[in-house]
Amino acid sequence: MHDLVLTPVRVPPLTKELTGSWIRRATARYGLPAQDLLRGILAGRGRVQVTGTPSTGLELFLNTPARAELTRFTGLPLDRLTGLLPSLAATHERLVDDEIARAAWYVPRQAWVAACPPCTGRACQPGRPVLVYPEAAGHVCQRHQRWLLAHAENPASIPLRTLPEVLGAHRRHLVLVRAHPWGADAVVLAAAVVWSWQVQGWQSEAIWQDRVRRVAAVMRCSPTAVMPHALLPYPETIAVARLLVDHRWQQRLREAAAGDGLRSAAGLFLQEAGRRINRPWLTDWLTARTRVSCKDVVAGDPLHQWLQRITAATGITSDGLWTVSQTAARPIEYSDRASFLTQSRPRAVYDEAKEASLTGGWEPVPSPRPGPASSP
Ligand SMILES: [Zn+2]
């Protein structure tokens, strides 16, 4: 009977679940404090030290001896466990790897979301959603048409029934990251490219304003609160990412640069990007903006930097092609983006957006995940 109670594999982890989410679900089902179960598992053969509590951090990190105890207890090999629970892949930098088992509750190191409730079935309990890492493109449930948000007690989401262009972009996003080894990195670069256009005043144009209105309506928020969210420029970001990874287009850009210089290649790219995102005015508009911009803006432009790399005589085939400089990247903080995109006070925008669970979750920013060629 004792063994039955202390067997968390009876509540199996879901794919890409936060270890902390799984431990909390496993213990809640038996009415146990998570900390008791954790100490029970880890104290199998010796001393154990647990830092923090489930209320101080959503994610649970284990050092090597603690991971060994977990595999022994569950009977699951470590590679199977790390396949389900990404945070187990490596020891957290604040945890010491020595002979005693150590565990710590910290904030997750990557973006997380509350999984789609209908898709997680009985694993999702009232007030206790399953928390998962969306990684490259797991932030949308196509089946139930939701953009999943980060809320630890409530499976918040943005309904996408009135946003078909977002669902379409996500289908193409999934194909992109499956087909291209650097697909996720191309999306991050594309987000920086679209961001560089947004901050030049693009937010006032009709297609984007219409999308802002539809998101604000379903979220019952003010338009300014939804403007900095990743959903708004998402369809354009995916369209640009697909163009960036297209080898035929890369070749055309090299030829254009070799014949008429980098400016000609940039013009060709923008013409095609404008056509794909239904903004035929994009090239002319950006050309006019560039004329009035200072040289530093052009030099820090992520598209300009990428074109320089792609047209370099030696050629770049590695991840170096997708690097985004810090100054060009889309700001990670919601309030930072709000300060560029809205006239409202960034703090007020942030507070309203946080109330609607819009400030966390998936973002097209570089993640600490290992590259496709390396193993955890
Ligand atoms: Zn679903």
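Residues numbered from 1 in each chain as written. Predicted model: local features only at pLDDT ≥ 70, side-chain atom pairs only at ≥ 80, totals over all residues. Heavy atoms only, no water.

**Regarding the coordination of the zinc ion**
Next, step 1: The protein atoms that coordinate the zinc ion are Cys116 (SG), Cys119 (SG), Cys141 (SG) and His144 (ND1), at distances of 2.1 to 2.2 Å.
Next, step 2: Along the chain, the residues donating to the zinc ion fall in the pattern C-x2-C-x21-C-x2-H.
Next, step 3: Residue class for Cys119 comes out partly exposed when judged on its relative accessible area of 45%. (Donors = N, O, S within 2.8 Å, 3.2 Å for Na, K, Ca; no water. Buried < 20%, exposed > 50% of the residue type's maximum accessible area, 1.4 Å probe, protein only.)

**Some points on the pattern of salt bridges**
Next, step 1: Going through the model one piece at a time under the given rule, you end up with 17 salt bridges.
Next, step 2: Where Arg109 meets Glu93, a salt bridge forms, and the shortest distance between an N and an O atom there is 2.9 Å. Residue Arg109 is located in the loop between strand 3 (101-106) and strand 4 (113-114), and its partner Glu93 is located in the loop between helix 5 (78-84) and strand 3; the two are separated by 16 residues in the primary sequence.
Next, step 3: Measuring nitrogen to oxygen at the nearest pair gives 3.0 Å for the salt bridge that ties Glu363 to Arg330. Of this pair, Glu363 sits in the segment after helix 18 (346-355) while Arg330 sits in the loop between helix 16 (302-310) and helix 17 (334-341), and the two are 33 residues apart along the sequence.
Next, step 4: According to the relative accessible area criterion, Glu363 is buried, its value standing at 13%.
Next, step 5: Through salt bridges with shared partners, a single ionic network connects Glu165, Glu205, Asp210, Arg211, Arg214, Glu236 and Arg279. (Salt bridge = Lys/Arg side-chain N within 4 Å of Asp/Glu carboxyl O. Helix = DSSP H or I, 4+ residues; strand = E, 2+ residues; numbered from the N terminus.)

**Observations concerning the nonpolar core**
Buried together is how nonpolar side chains tend to be arranged in soluble globular proteins.
Next, step 1: Among the nonpolar cores identified, the biggest contains 71 residues, and Trp147, Trp197, Trp306 and Leu358 are the most heavily contacted of them.
Next, step 2: When residues of this core are assigned to their parent elements, the largest contribution, ten residues, is made by helix 8 (residues 183-198).
Next, step 3: Grouped together as the second largest cluster of nonpolar side chains are 21 residues, Ala34, Ile41, Leu88 and Ala101 included. (Core = buried A, V, L, I, M, F, W, Y, C linked by side-chain atoms within 4.5 Å.)

**Concerning the confidence of the model for the protein chain**
Next, step 1: With 90% of its residues at a pLDDT of 70 or more, the protein chain shows a mean pLDDT of 88.
Next, step 2: Contacts of residues 1-6 to residues separated by more than four positions or lying in other chains number seven contacts, the stretch itself having pLDDT below 50.
Next, step 3: In the predicted structure, residues 369-376 sits below a pLDDT of 50 and forms five contacts with residues beyond four places in sequence or in another chain. (pLDDT = per-residue confidence, 0-100. Contact = heavy atoms within 4.5 Å.)

**Brief notes about the sheet that holds strand 1 (residues 48-51)**
Next, step 1: What the three strands build is an open sheet, ordered 1-3-2; its pairing is mixed. One side of each edge strand has no neighbouring strand; the edge strands of this open sheet are strand 1 and strand 2 (59-62). Within the sheet, the average angular offset between the axes of one strand and its neighbour, ignoring direction, is 15°.
Next, step 2: In this sheet, strand 3 lies alongside strand 2 in antiparallel orientation, the contact comprising four bridges. Bridging across to strand 3, Glu59 finds its partner in Tyr106.
Next, step 3: The strands touched by helix 3 (residues 34-42) within the sheet are strand 1, strand 2 and strand 3, with strand 3 carrying the most contacts at an inclination of about 155°. (Pairing = 2+ DSSP bridges. Axes fitted to C-alpha atoms, helices over the stretch in contact; angles between N-to-C directions.)

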